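Listed below are the residues making up each chain.
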Amino acid sequence: MKTLENKVALITGAAQGIGKSMALLFAENGAKLVITDLNAEAGENVVNAIENNGGEAIFVKADTSNPEDSRKSVDAALARFGKLDIAVNNAGIVGPVQSIEEYDLNAWNKVLSINLSGVFYGMKYQIPAMLKNGSGSIINMSSIVGSAGAANFSAYVSSKHGVIGLTRTGALEYSSRGIRINAVGPGYTDTSMIDFLDSEQKDIVGASHPIGRLARVEEIAEFVLWLASDKASFATGTYYPIDGGYLAQ
Ligand SMILES: NC(=O)c1ccc[n+]([C@@H]2O[C@H](COP(=O)([O-])OP(=O)(O)OC[C@H]3O[C@@H](n4cnc5c(N)ncnc54)[C@H](O)[C@@H]3O)[C@@H](O)[C@H]2O)c1
C-alpha cells in the first residue's frame, strides 16, 4: 500500500516551486490532490502532470489572503473527493527587501495577509472538514526565518514566526481530536522565490548553510510527505527546520 493511499490532500500555492513538488510526490504516493494557486495556467499543468501519471487532481483558483477562497478550496475537496485528510498551507511571498523605516506599508499588509492570515484562513476551514473524519494532518510552511531574524525582511520574518505560533496553538486545540498540526522551516530553497538574488548571491547564500548549498524542492517535499502520512502519528505541535544545518550555527 502506498504511503498516502486513500488520502485527500489540499496544497496551497502548488502551481510551482515547493508546492508543486509536494503535489507531484503526494500523488505518486497515492493521494488525491486539490491544488490551489493564483496562477491557473501553471496550476492546471500540475493537474495534467498528475493525471498523465495515473493520479487524480483538481485545480482551484484561490487567493489564500481571501477567507472565502480558502472556504471554497475545502468545499471543492469535499465535493470532488468527499473528505479532506491532509492540508499543506504553503502559499507565500517574500515581499520587498527594505529596512523597517523604509518598508512599504501596503507591502507589509500584503505579506502578512498571504503568509500569516492565509494560513489562519486555511486552518479555519480545513479543521471542520477534518473533524468530520476524526483525523487529519496540517502542515504549515514557515522558514528558517520562523525562528531567526533576517535584516530587511521584516514582514516575511514576522509572518513566518507567526505561522509557528499559530501551528502550536492549533495543535493544542485539536491534537486530542485527531488532527496533527506541524510547521516546517526550509532553508533557502532553489525556487523562483529567491530570484531577487543573482547567481553569485545564490552561491553565497547556499554556502551559508553547513551542507554548502541551497535546498532542492524534493528535499522539502520528502519531509512533508512523512509529516502528512500516518507514519508521523505522534508528531504534532512542532516546528521542523529542514535547513542543511543553518540553524545549528
Ligand atoms: N524558496 C525558499 O527559499 C523558501 C524557504 C523557506 C520557506 N519558503 C516558503 O515555501 C513556500 C513556497 O515557496 P516557493 O519557494 O515554492 O515559492 P514560489 O514563488 O516558487 O511558489 C509560491 C507559489 O505560491 C503562489 N501564491 C503566491 N501568492 C498566493 C496567494 N495569495 N494565494 C495563492 N497562491 C499564491 C504563487 O503563485 C506560486 O505558485 C512559501 O510559503 C515560502 O515562504 C521558501
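Rules used throughout
What you see as residue numbers is a count from 1 along each chain, following the sequence as written. Residue-level local features of this predicted model are given only where pLDDT is at least 70; pairs of side-chain atoms are given and counted only at 80 or more, and the full residue set underlies all totals for whole chains, interfaces and linings. With hydrogens and water stripped out, all remaining heavy atoms of the structure feed into the side-chain values. UniProt positions are given in the numbering used here, feature names are shortened, and annotations may be inferred rather than shown by experiment. The nearness test applies per residue and asks whether one of its heavy atoms lies within 4 Å of the molecule or strand. For this analysis, a polar contact is any N or O atom pair within 3.5 Å, provided that within protein one partner can donate a hydrogen and the other can accept it, and provided that sequence-adjacent residues contribute only side-chain to side-chain pairs. In this description, accessible areas are obtained by the Shrake-Rupley approach with a 1.4 Å probe, and a residue is regarded as covered only by the protein chains that are shown. Helix and strand assignments come from DSSP, with helices taken as H or I runs of at least 4 residues and strands as E runs of at least 2, each series counted from the N terminus. Throughout this description, buried means an accessible area under 20% of the type-specific maximum (1.4 Å probe, protein chains only), exposed means over 50%, and partly exposed covers the range between. By definition, residues are in contact when any of their heavy atoms lie within 4.5 Å. Only centres within 6.5 Å qualify two rings of Phe, Tyr or Trp (six-membered ring in Trp) as a pair; their planes then separate them into stacked at under 30 degrees, edge-to-face at over 60, and tilted for everything else. Consider the ring centre and the ring normal. A charge sits over the ring if Lys NZ or Arg CZ is within 6 Å of that centre and within 35 degrees of that normal. Strands pair, by our definition, only if DSSP identifies at least two bridges between them. All axes here are fitted lines through C-alpha atoms, helices being fitted over the stretch that makes contact, and every angle between N-to-C directions spans 0 to 180 degrees. To qualify as a nonpolar core, a set must consist of buried Ala, Val, Leu, Ile, Met, Phe, Trp, Tyr and Cys residues joined through side-chain atoms within 4.5 Å. Each helix should span, by expectation, one fewer than its residue count multiplied by 1.5 Å. Each C-beta atom gives one direction from the helix axis, and the arc is the one those directions make.

Looking at an unreviewed UniProt entry, one finds the protein named Glucose 1-dehydrogenase, with Flagellimonas okinawensis as its source organism. Regarding the protein, the relevant UniProt record gives this comment under Sequence similarities (unreviewed entry): "Belongs to the short-chain dehydrogenases/reductases (SDR) family."

Things to note about the site of the ligand
Looking at the ligand, there are 28 residues lining it, with Asp37, Asn90, Tyr156, Thr189 and Thr191 nearest. The side chain of aspartate 37 places a nitrogen or oxygen atom 2.6 Å from an oxygen atom of the ligand. Tyrosine 156 has a polar side-chain atom sitting 2.6 Å from an oxygen atom of the ligand. Contact with the protein chains covers 93% of the free accessible surface of the ligand, which is 820 Å². When contributions to the shell around the ligand are tallied by element, the ones reaching two or more residues are helix 1 (17–28) and helix 5 (154–174).

Overview of the side chain of lysine 202
Along the chain, lysine 202 falls in helix 6 (residues 199–207). Note on lysine 202: relative accessible area 16%, which makes it buried. Setting aside residues up to four positions removed in sequence, lysine 202 forms contacts with Asp190, Ile194, Asp195, Leu197 and Leu214.

Quick look at the packing of aromatic side chains
One pass over the full model with this rule turns up 5 aromatic pairs. Ring centres 6.4 Å apart and planes at 90° place the aromatic pair tyrosine 103 and tryptophan 108 in the edge-to-face group. Ring pairing ties together the aromatic residues Phe223, Trp226 and Tyr240, which thus form one cluster. A cation sits over an aromatic face here: lysine 124 above tyrosine 125, 5.9 Å from the ring centre.

Some thoughts on the sheet that holds strand 2 (residues 32–37)
One open sheet holds the 7 strands; their spatial order is 3-2-1-4-5-6-7, and the pairing between them is parallel. Edge positions in the sheet fall to strand 3 (57–61) and strand 7 (239–242), since each of these pairs with one other strand and no more. Sheet twist, expressed as the average angle between the axes of neighbouring strands with direction ignored, equals 20°. Taken together, the 3 bridges between strand 1 (residues 8–12) and strand 4 (residues 86–89) define a ladder with parallel strand orientation. The partner of leucine 10 across the bridge, within strand 4, is alanine 87. The sheet strands contacting helix 1 are strand 1, strand 2, strand 4, strand 5 (136–141) and strand 6 (179–186), and the helix crosses strand 1 at an angle near 170°. The strands that helix 4 (residues 105–133) touches are strand 1, strand 4, strand 5 and strand 6; relative to strand 5, the one it contacts most, it runs at about 170°.

What about the nonpolar core?
Within the largest apolar cluster, 35 residues are counted, with the highest numbers of intra-cluster contacts made by Met22, Phe26, Leu33 and Ile35. The biggest single contributor to this core is helix 7 (residues 217–228), with 7 residues. If we skip the residues at most four places from it in the chain, leucine 33 touches Ala9, Ile11, Ala23, Phe26, Ala27, Ile50, Glu56, Ala57, Ile58 and Phe81. Counting residues in each nonpolar core, the second largest holds 24 residues, with Ala62, Leu166, Ile179 and Ile181 among its members.

With respect to helix 7
For helix 7, spanning 12 residues, the distance from its first C-alpha to its last is 16 Å, which sits close to the expected 16 Å at 1.5 Å a residue. Of the positions making up helix 7, those classed as buried are Val217, Ile220, Ala221, Val224, Leu225, Leu227 and Ala228. Projected down its long axis, helix 7 shows its buried positions confined to an angular sector of 160°, all on one face. Elements that come into contact with the buried residues of helix 7 comprise helix 1, strand 4, strand 5, strand 6 and strand 7.

Observations regarding unusual backbone geometry
We note that asparagine 6 has phi near 70°; this positive angle belongs to a residue other than glycine. Tracing the sequence through the fold places asparagine 6 in the segment before strand 1.

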